[in-house]
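Residue-level structure breakdown
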Amino acid sequence: MSELDVLLPKKDFTYNAGRTDRPWNHFTGRWEAIKPILAEMLAASSNMRPLRIVDLGSCNGFFALKAAYRHPEADVVAIEGSVGIGNGTAGLQGTVRQILRTEAVQTHLRWIQKLQLTNCFVAPEVWDYKYVCNLASGGRPICDAMFSLSVIHHIDNVSAQQYIQAGLSRVQGGIDLIAKL
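Residues numbered from 1 in each chain as written. Predicted model: local features only at pLDDT ≥ 70, side-chain atom pairs only at ≥ 80, totals over all residues. Heavy atoms only, no water.

Regarding the sheet that holds strand β3 (residues 51–56)
Judged by pairing direction, the sheet is parallel, and its four strands sit side by side in the order β5-β4-β3-β6 without closing on themselves. Where the open sheet ends on each side, the last strands, each with one partner, are β5 (120–123) and β6 (145–147). On average, each strand axis in the sheet is inclined to that of its neighbour by 20°, with strand direction left out of account. Across six bridges, β3 lies against strand β4 (residues 74–79) in parallel orientation. The residue bridging D55 from the neighbouring strand is A78, located in β4. Together, β3, β4, β5 and β6 form the strand contacts of helix α3 (residues 62–70), whose direction differs from that of β4 by roughly 175°. On top of the sheet, helix α6 (residues 103–115) reaches β4 and β5; it is set at about 160° to β5, its chief contact. (Pairing = 2+ DSSP bridges. Helix = DSSP H or I, 4+ residues; strand = E, 2+ residues; numbered from the N terminus. Axes fitted to C-alpha atoms, helices over the stretch in contact; angles between N-to-C directions. Contact = heavy atoms within 4.5 Å.)

Some points on the nonpolar core
By size, the foremost hydrophobic cluster in this structure holds 32 residues, and its most contacted members are L8, W31, L38, I53, L65 and F147. Among residues more than four places away in sequence, those in contact with W31 are D5, L38, F62, F63, K66, A67, R70 and F147. (Core = buried A, V, L, I, M, F, W, Y, C linked by side-chain atoms within 4.5 Å. Buried < 20%, exposed > 50% of the residue type's maximum accessible area, 1.4 Å probe, protein only.)

Some details on the pairing of β3
Judged by how many residues are buried, β3 sits mostly within the fold: five of six residues are covered. Of the strand pairs in this sheet, β3 and β6 are connected by three bridges, and their pairing is parallel. Bridging from a neighbouring strand, V54 pairs with M146 of β6.

Concerning the packing of aromatic side chains
Under the counting rule described, the total for this entry stands at ten aromatic pairs. A ring pair is formed by F62 and F63, whose centres lie 5.0 Å apart and whose planes are at 85°; its orientation type is edge-to-face. When the centroid spacing of 6.5 Å and the interplanar angle of 70° are considered together, the rings of F63 and F147 count as edge-to-face. One end of the pair, F63, is in helix α3; the other, F147, is in strand β6, with 84 residues separating them in the sequence. Judged by relative accessible area, which is 7%, F63 ranks as buried. An aromatic cluster of at least three residues, connected via ring pairs, comprises F13, W24, F27, F62, F63, W111 and F147. (Phe/Tyr/Trp six-rings, centres within 6.5 Å; stacked < 30°, edge-to-face > 60°.)

A word on the packing of helix α7 (residues 129–136) against helix α9 (residues 170–180)
Their axes nearest at 9 Å, the elements α7 and α9 cross at an angle of 40°. When the interaxial angle is binned, α7 and α9 end up oblique. Two packed elements cross with a definite hand, and for α7 against α9 that hand is left-handed. Across the interface between the two elements, Y129, V132, C133 and A136 from α7 touch G173, D176, L177 and K180 from α9. When its residues are assigned to classes, the contact of α7 with α9 shows five nonpolar, one polar and two charged. (Parallel < 35°, antiparallel > 145°, perpendicular 65-115°, else oblique. Left-handed = near helix turned anticlockwise from the far one by under 90°. Nonpolar A, V, L, I, M, F, W, Y, C, P; charged D, E, K, R; others polar.)

Spelled out as structure tokens, the structure:
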């Protein structure tokens, strides 16, 4: 673990989208709260295999970049599906290429290169109820720590029809989704 945090510029990591505002202190305040808990979680994890952090709904990669820089002993996988307000809606009907071309993902990729992070990866994929159910069917966690900051409601929104197909109400489906995450 590195004792130093990487300094990321406010201009690259804040955004305003319609009525949704993500001011700088949302990022920095959350990171300060996450940092000691993440260090404790990773320290308690097995060192018999690579440690893995998943940043679900990573947008521009602020938290994934911070975690990868601070924890070079861990692989950080940033999942970005572009189905919310922060990074547009390319993931709803677009392609992986379109997700990769979004401004937020491009910012993330640029900073991975700039910081020469060999342990930070972007996965352009949309997680929905069926996908999460499939991951959960493996019967074991896919990571040692997961960030799911301001994203579960986006997964819930794209999963509404899948809940009906599974015979669940919207509330039951949302609860099951969260339990499986």
